[in-house]
Amino acid sequence: MAYETITLDVDNHVAVITLNRPDALNALNDQLMGELADCLKGCQDNEKVRCIIITGSEKAFAAGADIAMMKDKSFVEAFTEDLFTPETDQIMRVRKPMIAAVSGYALGGGCELAMMCDFIICTETAKFGQPEINLGVVAGIGGTQRLTRLVGKAKAMDMNLTGRFMDAAEAERAGLVSRVVPVKKLMEEAMGAAQKIAEKSMVSVMVVKEAVNRAYEVPLREGLLFERRVFHSLFATEDQKEGMSAFLEKREAQFRDK
Ligand code: CO8
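Residues numbered from 1 in each chain as written. Predicted model: local features only at pLDDT ≥ 70, side-chain atom pairs only at ≥ 80, totals over all residues. Heavy atoms only, no water.

As annotated in an unreviewed UniProt entry, the protein carries the name Enoyl-CoA hydratase and is attributed to Sulfitobacter sediminis. Quoted straight from UniProt, the Sequence similarities (unreviewed entry) entry for the protein says "Belongs to the enoyl-CoA hydratase/isomerase family." (UniProt positions renumbered as here; feature names shortened; annotations may be inferred.)

A. Main features of the pairing of strand S2 (residues 14–19). A large share of S2 lies buried, amounting to six of its six residues. Neither face of S2 is open: one carries Val14, Val16 and Thr18, the other Ala15, Ile17 and Leu19, and all of them are buried. Across six bridges, the pairing between strand S1 (residues 6–11) and S2 is antiparallel. Of the residues in S2, the one forming a bridge with Asp11 is Val14. Counting the residues in the hairpin turn of S1 and S2 gives two residues, including Asn12, whose phi is positive at 55°. With helix H1 (residues 30–45) bridging S2 and the parallel strand S3 (residues 51–55), this β-α-β connection has right-handed handedness. (Buried < 20%, exposed > 50% of the residue type's maximum accessible area, 1.4 Å probe, protein only. Helix = DSSP H or I, 4+ residues; strand = E, 2+ residues; numbered from the N terminus. Pairing = 2+ DSSP bridges. Right-handed = clockwise from strand over helix to strand, strands pointing away.)

B. Region of interest: the sheet that holds strand S10 (residues 179–181). The mixed open sheet is built from six strands, whose spatial order is S1-S2-S3-S5-S7-S10. Whereas interior strands pair on both sides, the edge strands pair on one side only; in this sheet they are S1 and S10. Taken over all neighbouring pairs, the strand axes of this sheet differ in orientation by 20° on average, direction set aside. The strands touched by H1 within the sheet are S1, S2, S3 and strand S5 (98–102), with S2 carrying the most contacts at an inclination of about 180°. (Axes fitted to C-alpha atoms, helices over the stretch in contact; angles between N-to-C directions. Contact = heavy atoms within 4.5 Å.)

C. Local environment of the confidence of the model for the protein. Taken residue by residue, the protein gives an average pLDDT of 97. The fraction at 70 or more is 100%. Quick note on the complex model: pTM equals 0.97, ipTM equals 0.98. (pLDDT = per-residue confidence, 0-100.)

D. How the structure looks around the site of the ligand. In the region of the ligand, 22 residues are neighbours, and Lys59, Ala63, Ala65, Ile67 and Gly109 sit closest. One of the backbone N or O atoms of Gly109 is found 2.8 Å from an oxygen atom in the ligand. When isolated, the ligand has an accessible area of 1,100 Å², and the protein chains bury 62% of it. Counting residues per element, the ones that place at least two in the shell around the ligand are helix H2 (67–70), strand S6 (105–107) and helix H5 (109–116). (Near = heavy atom within 4 Å. Polar contact = N/O pair within 3.5 Å; in protein donor to acceptor, adjacent residues only side chain to side chain. Areas by Shrake-Rupley, 256 points an atom, 1.4 Å probe, with all protein chains shown as cover.)

E. Geometry of the pattern of salt bridges. Throughout the structure, instances matching the rule amount to 16 salt bridges. One salt bridge connects Arg50 with Asp257, and the closest N-O pair in it is separated by 2.7 Å. With Arg50 in the loop between H1 and S3 and Asp257 in the segment after helix H12 (238–248), the pair connects residues that are 207 residues apart, well separated along the chain. Relative accessible area serves as the criterion here: at 13%, Arg50 is assigned to the buried category. Across the pair Asp118 and Lys209 runs a salt bridge whose closest N-O atoms are separated by 2.9 Å. In this pair, Asp118 sits in the loop between H5 and strand S7 (119–123) while Lys209 sits in helix H10 (residues 202–214), placing the two residues 91 residues apart along the sequence. Judged by its relative accessible area of 31%, Asp118 falls in the partly exposed class. Taking the relative accessible area as the measure of exposure, Lys209 reaches 12% and is therefore buried. Connected through shared salt-bridge partners, Lys155, Asp158, Arg164 and Glu170 make up one network. (Salt bridge = Lys/Arg side-chain N within 4 Å of Asp/Glu carboxyl O.)

F. Here's a closer look at the sheet that holds strand S8 (residues 127–129). Spatial strand order, S4-S6-S8-S9: four strands in an open sheet with mixed pairing. In this open sheet, the two strands that pair with only one neighbour each are strand S4 (60–62) and strand S9 (166–167). Where S4 lies against S6, two bridges are found, and the strand directions are parallel. When the sheet's bridge partners are listed, Ala60 is paired in S6 with Tyr105. Strand contacts of H5: S4, S6 and S8, with the helix running at about 90° to S6, the strand carrying the most contacts.

In structure tokens:
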């Protein structure tokens, strides 16, 4: 599939997907979401890809769902079309790690897309927000749910009710992003993180993703049991033997995803 609203570059086991609708600040429309979902499925199936970065432009990661596309929809259309549901389901099915590299605006669906990734690295100019309230609607793909789990009720309520933007420093303090870097360093930092992940055993990388995500789904006791069991099960892998032997032999581990 040839993409028009995103680009894909695969280099050294890292897939970089760049949202590319500059005239609309990368607003998410059907085409972009369809292409993104298709591309992510391809990355999941591509053995060469071990980590995925989703990014936008310097000015905008994505300024939200496309308002022009949504404006005239009736309730019945919105309900029956189930806008963005298959695409977001596909995004959530990706088992490889995904990093959001955010510069500029990550608003509405843009903030929600960033939160669907496993962690967010942003620039000092990043602005996060759920301004749907200003449009007479509410967030629709995680802005009331994931944001609340990530930053807590006070800030999630504040952002969703007032529509105010959170700057990078506040986003880092609140735990929404893991790192803040100067604009020029964004891709270097994201690539560095992705390369580090790409060097690990893919089995344990995928287990980490499942286990951390489980913390948001189940009570602590269940989550701890899941963690212990996957920890035990990793002793069945060759990579566990290699990782621990390499440590004791004071050499770099050579993981083979086995
Ligand atoms: N949709 C469509 N077009 C957009 C969007 C958008 N979300 N954001 C910006 N654009 C367009 C503008 O219309 C403008 O186009 P044109 O040049 O043709 O007039 C162009 O991008 C540049 O934008 P601005 O001139 O507004 O640029 P500024 O630098 O002045 O402002 C802002 C930047 C502050 C980011 C401003 O563009 C803005 O407020 N954008 C809208 C932000 C917003 O409200 N986002 C939420 C959208 S709703 C949503 O995301 C719901 C998600 C859930 C969907 C779930 C379905 C189930």
